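What the coordinates show
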Amino acid sequence: MNWDDARVFLALGRELTLRRAARVLRVDQATVGRRIAAMEVDLGSTLFLRTPTGYQLTAIGEVAFEMAEKMERAALELARRTRGADNEQAGEVRLSTTDSLAYDFVIPALKELHLKHPDICVILNSTSEIVNLSKRETDIAIRNQRPENPDLILRKLAAWPMGLFASAEYIERNGVPEPGTGFKGHDLVMYEPYWRDRADPALVDESIEQARVVVAVNSSMMVRRSISEGLGIGEIPIEMGLCDGLQRIWPLRERAKSYEVWMVTHKDLRHTARVRFVIEYLAQSFSARGVS
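Residues numbered from 1 in each chain as written. Predicted model: local features only at pLDDT ≥ 70, side-chain atom pairs only at ≥ 80, totals over all residues. Heavy atoms only, no water.

Some points on the overall build of the protein chain
Convention followed: Starting at the N terminus, helices and strands are each numbered in turn, a helix being any DSSP run of H or I of at least four residues and a strand any DSSP run of E of at least two. Here the term buried applies to any residue with accessible area under 20% of the maximum for its type, exposed to any over 50%, and partly exposed to those in between, with areas from a 1.4 Å probe on protein chains only. In this description, contact between two residues means that some pair of their heavy atoms is separated by no more than 4.5 Å. In this description, accessible areas are obtained by the Shrake-Rupley approach with a 1.4 Å probe, and a residue is regarded as covered only by the protein chains that are shown.
When helices and strands are counted, the protein chain shows ten helices and 14 strands. Looking at the protein chain residue by residue over its 292 residues, the buried ones come to 45%. Counting contacts in the protein chain only where the partners sit at least 6 residues apart, residues at least 24 apart contribute 76% of the total. Split by element, the accessible area of the protein chain, about 15,500 Å² in all, is 50% carbon and sulfur.

Dropping the structure here:
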């Protein structure tokens, strides 16, 4: 089994369906299926059981999976060590962040970076999913959760208070909710992962039990856009709400926990010139807005 085959095998072993494995590998499902079938023929062993719910490793498949993980660790270590010694001010840097942060902060930073370092190419992935730096899924991540991995270098870019916002159109149509009523008679825009994960979801620590959730989205940018369109009231960083020209509701109330923004990279890349330059311009973009 070569490393390319091992990547496909590991992806299916972890995701357990062709569709999810294909998404991780950024290929189509048929390609994953063909590669797995060819591996099984070459090895003369059945690596997976095909079940109605997905793929399950066989006993020999579990042994092969353990060996493939050792190949992965060696390949990742090789990549980290060689990239970390690179002093070239050119080449690709992979960056992962949310769509909202990309729009407001990352894209302006990349403009300034390009003017000074035109040979650096940034591969930008704007997603709400948490990527794994240790597995080389990205070089730099900007996220709202602080990771605990000691191999990662952290830099806090911002700590924003969270407030309640609506459009002027919505307020004119529906008025302002009364505190303590659970948003009775009002429409809400919710960040879907938060809404689904909590037994008693709240906005600025006010229960939403009496409200009507009109739209739930998995993107912070879509939360902002939905509020701007007058679909309902939503909770977003005060910095962003003011930037969007929205009306703040209950201006004396904030969510107890602020929205933190962290920039993260692997320590093996800290001396890589192109990564260092990207980090520098990203940090400047946040500090220029006075939010760090």
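A closer look at the side chain of Ser167
Following the sequence through the fold, Ser167 ends up in the loop between β7 (162-166) and α6 (168-174). Residue classification places Ser167 among the buried positions, given a relative accessible area of 5%. If near-sequence neighbours (up to four positions away) are discounted, Ser167 is found in contact with Ile227, Ser228, Gly230, Leu246 and Gln247.

A short note on the pattern of salt bridges
Pairs can form between side chains of opposite charge whenever their charged atoms are close. Rules: We define a salt bridge as a contact between a side-chain nitrogen of Lys or Arg and a carboxyl oxygen of Asp or Glu at a distance within 4 Å.
If you walk through the whole model with that rule in mind, you get 14 salt bridges. Here Glu260 and Lys156 are joined by a salt bridge, their closest N and O atoms 3.4 Å apart. Separated by 104 residues along the polypeptide, Glu260 in strand β14 (residues 259-266) and Lys156 in strand β6 (residues 152-160) bring together distant segments of the chain.

Points about the sheet that holds β6
Test applied: The criterion for strand pairing is that DSSP finds at least two bridges linking the strands in question. Angles here are taken between N-to-C directions and fall from 0 to 180 degrees, while the axes themselves are lines fitted to C-alpha atoms, restricted in helices to the stretch in contact.
Spatially, β4-β3-β5-β14-β6 is the arrangement adopted by the five strands of the open sheet, whose pairing is mixed. Two strands bound the open sheet, and with one partner strand each, they are β4 (120-126) and β6. Strand-to-strand twist across the sheet, computed as the mean angle between neighbouring axes with direction ignored, equals 20°.

Observations regarding the environment of Met67
Along the chain, Met67 falls in helix α4 (residues 59-84). A relative accessible area of 46% means that Met67 is categorised as partly exposed. In sequence terms Met67 and Met1 are 66 residues apart; their C-alpha atoms lie 10.0 Å from each other.

Here we look at the nonpolar core
The test is simple: Nonpolar cores are built from buried Ala, Val, Leu, Ile, Met, Phe, Trp, Tyr and Cys residues. Side-chain atoms within 4.5 Å join them into one set.
Ranked by internal contacts, the top residues of the largest apolar core, which has 31 residues, are Ile140, Ile142, Trp160, Val261, Leu282 and Phe286. Breaking this core down by element, the ones donating at least two residues are β3 (91-97), α5 (99-116), β4, β5 (140-143), β6, β14 and α10 (273-288). The leading source of residues in this core is α10, at nine residues. Formed by 19 residues, the second largest nonpolar core is a distinct cluster that contains Val8, Ala21, Ala22 and Tyr55.

A short note on the packing of aromatic side chains
The test is simple: Each pair of aromatic rings taken from Phe, Tyr and Trp, with Trp reduced to its six-membered ring, is defined by centres within 6.5 Å and is described as stacked if the planes are under 30 degrees apart, edge-to-face if over 60, and tilted in the remaining cases.
Scanning all chains against the criterion turns up eight aromatic pairs. The interplanar angle of 65° and the centroid separation of 6.0 Å between the aromatic rings of Phe9 and Phe65 together place this pair among those described as edge-to-face. Taken together, the residues span a long stretch of sequence, with Phe9 in helix α1 (residues 3-15) and Phe65 in helix α4 at a distance of 56 residues. By the burial criterion, Phe9 is buried, and Phe65 matches it. Arranged with centres 6.4 Å apart and planes meeting at 25°, the rings of Trp160 and Phe286 form a pair that is stacked. Taken together, the residues Trp160 in strand β6 and Phe286 in helix α10 connect sequence positions 126 residues apart. Comparing Trp160 with Phe286, the two get one shared label, buried. Ring-pair connections join several aromatic residues into one group, and the members of that group are Phe9, Phe48, Tyr55 and Phe65.

Focus: the sheet that holds strand β13 (residues 247-249)
Taken in spatial order, the three strands of this open sheet run β12-β7-β13, and their pairing is antiparallel. Edge strands, defined here as strands with exactly one partner in the open sheet, are β12 (234-237) and β13. In this sheet, adjacent strand axes meet at a mean angle of 55° when their direction is disregarded. Examined bridge by bridge, β7 and β12 share four bridges and lie antiparallel to one another. Bridge pairing links Met162 to Pro237 in β12. Sitting on the sheet, helix α8 (residues 220-228) touches β7 and β12, and the angle it makes with β12 is about 125°.

Description of the environment of Arg35
Inspection of the secondary structure assignment puts Arg35 in helix α3 (residues 29-43). Discounting chain neighbours no more than four positions away, the residues touching Arg35 are Asp4, Asp5 and Val8.

Considerations on the packing of helix α2 (residues 18-25) against α3
A pair of packed helices is captured by two measures, namely the crossing angle of their axes and the spacing between those axes. In plain terms, the rule: An angle below 35 degrees is treated as roughly parallel, one above 145 as roughly antiparallel, one from 65 to 115 as roughly perpendicular, and anything else as oblique. Three residue categories are used. Nonpolar comprises Ala, Val, Leu, Ile, Met, Phe, Trp, Tyr, Cys and Pro, charged comprises Asp, Glu, Lys and Arg, and polar comprises the others, including Gly.
Relative to each other, α2 and α3 sit at 100°, their axes nearing to 8 Å. By the angle between their axes, α2 is roughly perpendicular relative to α3. Counted together, Leu18, Arg19, Ala21, Ala22 and Leu25 of α2 and Gln29, Val32 and Gly33 of α3 form the full contact between these two elements. Across the contact of α2 with α3, the residue classes tally to five nonpolar, two polar and one charged.

Considering α10
Selection criterion: Multiplying 1.5 Å by the residue count of a helix minus one yields the expected span of that helix.
Counted at 1.5 Å a residue, the expected span for α10 with its 16 residues is 22 Å, and the 23 Å between its end C-alpha atoms agrees. Of the positions making up α10, those classed as buried are Ala273, Arg274, Val275, Phe277, Val278, Ile279, Tyr281, Leu282, Ala283, Ser285 and Phe286.

Take it as geometry only, folks, not as evidence of what the structure does.
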